[in-house]
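Listed below, chain by chain, are the residues.
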Amino acid sequence: MKRIFLFLMTNIAIMLVLSITLSLLGVDSILAENGSDLDVQSLVILSGVIGFGGSFISLLISKWMAKRMTGAVVIKEPMINIEKWLMTTVERQAKIVGIKMPEVAIFPSGEMNAFATGASKNNALVAVSQGLLDNMAQGEIEAVLGHEMSHVANGDMVTLTLIQGVVNTFVVFLSRLVGHIVDRVILKNDRGHGIGYFVTVMISQVVLSILASTIVMYFSRKREFIADTGGADLAGHQNMINALKRLAQKEPEALPEQMAAFGISEKTKQGLRQLWSSHPPIEARIAALEISANAKNK
């Protein structure tokens, strides 16, 4: 709750600063002189509501959506040894990191992957693919579980949702501001909003969303290094390194976009496309772990 409060306060402060800055720059006066009736303060508030509303709704239904998108089956009563081991391992890790036992699930995919999601650290879901269980050694699976449990314990789902909310707020605000200026100032439309407004808003929102997503992905990549360290702490550096090396042997099947940032890895992107990667290159993650392991051994 402290994280949510701080981010909400930050976003409110940003909206206030943005509103005051636009007033000091005379944007209101410039728009009025050109026949614009835009209420900047109201638009700032509306942008915040829209920007955060969608992000929080997505967070609240994240577990429900994840189960349906991946076909993940929650283990309620472990029937076979691997299910019993998964439950025992996750329960032990949950106690170590100080969170409530999350739901544990297996999803039907031959590819090696795993993900964590949920509305909070004490209301989470950790899922692994059947392919990961079939192709990894027990210590490597434990490291992957540790990685996902670290995402949960660090509150990464909430943090990235809040960052996305701030980004969405700016996208909504700026796209509508640009649309209003084009409609009123350039096209000289003085009766409601014309087609110029709606077309400009749509184009601006798409372009700004693509650009703004690089900010969210930057934070996502940083948190992957932290989750790798958490996995190494819970299962051992070598197990985490081995798990990543195993993943590097074959690119994973892409998870649904809503969960991609919380998977264990993603398909490699080249060139500028790396700006839109939710995960750093596996080689960089392995190198970071090796440096950390060597430092601890000295």
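Everything numeric in this text was worked out from a predicted model, so none of it was measured.

Trainee: It is not clear to me how the packing of aromatic side chains should be interpreted in this structure. Could you clarify?
Mentor: A ring pair, where both rings are aromatic, is described by two values, the distance of the centres and the angle of the planes. Per the stated rule, a full pass over the model turns up three aromatic pairs. Ring centres of Phe107 and Phe115 lie 5.4 Å apart, and the angle between their planes is 40°; this geometry places the pair in the tilted category. Plain terms: the ring middles of Tyr218 and Phe219 are 5.6 Å apart, the flat faces sit at 80° to each other, and that makes the pair edge-to-face.

Trainee: Looking at this structure, how should I read the sheet that holds strand β1 (residues 73-74)?
Mentor: Strand pairing in a sheet relies on backbone hydrogen bonds. The paired strands run either parallel or antiparallel. One open sheet accounts for four strands, arranged β1-β2-β4-β3; its pairing is mixed. Among the strands making up the open sheet, the edge pair consists of β1 and β3 (114-120). Here strand β2 (residues 103-107) pairs with strand β4 (residues 123-129) via five bridges, running parallel. Bridging across to β4, Ile106 finds its partner in Val128. Contacting β2 and β4, helix α5 (residues 81-97) runs over the sheet at an angle of about 140° to β2. Strands β3 and β4 of the sheet are contacted by helix α7 (residues 138-153), whose axis makes an angle of about 155° with β4.

Trainee: Teacher, can you tell me more about the pattern of salt bridges here?
Mentor: When the charged atoms of two side chains with opposite charge come close together, those side chains can pair. Tallied over the entire structure, the rule returns seven salt bridges. Residue Asp156 pairs with Arg223 through a salt bridge whose shortest N-O separation is 2.3 Å. With a gap of 67 residues between them, Asp156 in helix α8 (residues 156-186) and Arg223 in helix α9 (residues 195-235) connect regions that are remote in the sequence. Using a relative accessible area of 1% as the deciding quantity, one classes Asp156 as buried. Counted as one network, the salt bridges with shared partners bring together Lys63, Lys67 and Glu103.

Trainee: Can you walk me through the pairing of β4 in this structure?
Mentor: Note on strand geometry: in a regular strand, side chains alternate between the two faces of the sheet. Most of β4 sits out of view: six of its seven residues are buried. Sheet analysis places β3 next to β4, joined by six bridges and oriented antiparallel. Bridge pairing in β4 places Thr117 opposite Leu125. Here β3 folds back onto β4, and the loop between the two strands holds two residues.

Trainee: When you look at the nonpolar core in this model, what are you seeing that I'm missing?
Mentor: Nonpolar side chains in soluble globular proteins tend to end up buried together. Counting 43 residues, the largest nonpolar core has Leu86, Val128, Leu132, Met136, Ile141, Leu145 and Met240 as its most contacted members. With seven residues, α7 is the largest single contributor of residues to this core. Excluding anything up to four places from it in sequence, Ile141 contacts Trp85, Leu86, Leu132, Leu133 and Met136.

Definitions and limits used
- Residues numbered from 1 in each chain as written.
- Predicted model: local features only at pLDDT ≥ 70, side-chain atom pairs only at ≥ 80, totals over all residues.
- Heavy atoms only, no water.
- Phe/Tyr/Trp six-rings, centres within 6.5 Å; stacked < 30°, edge-to-face > 60°.
- Pairing = 2+ DSSP bridges.
- Helix = DSSP H or I, 4+ residues; strand = E, 2+ residues; numbered from the N terminus.
- Contact = heavy atoms within 4.5 Å.
- Axes fitted to C-alpha atoms, helices over the stretch in contact; angles between N-to-C directions.
- Salt bridge = Lys/Arg side-chain N within 4 Å of Asp/Glu carboxyl O.
- Buried < 20%, exposed > 50% of the residue type's maximum accessible area, 1.4 Å probe, protein only.
- Core = buried A, V, L, I, M, F, W, Y, C linked by side-chain atoms within 4.5 Å.

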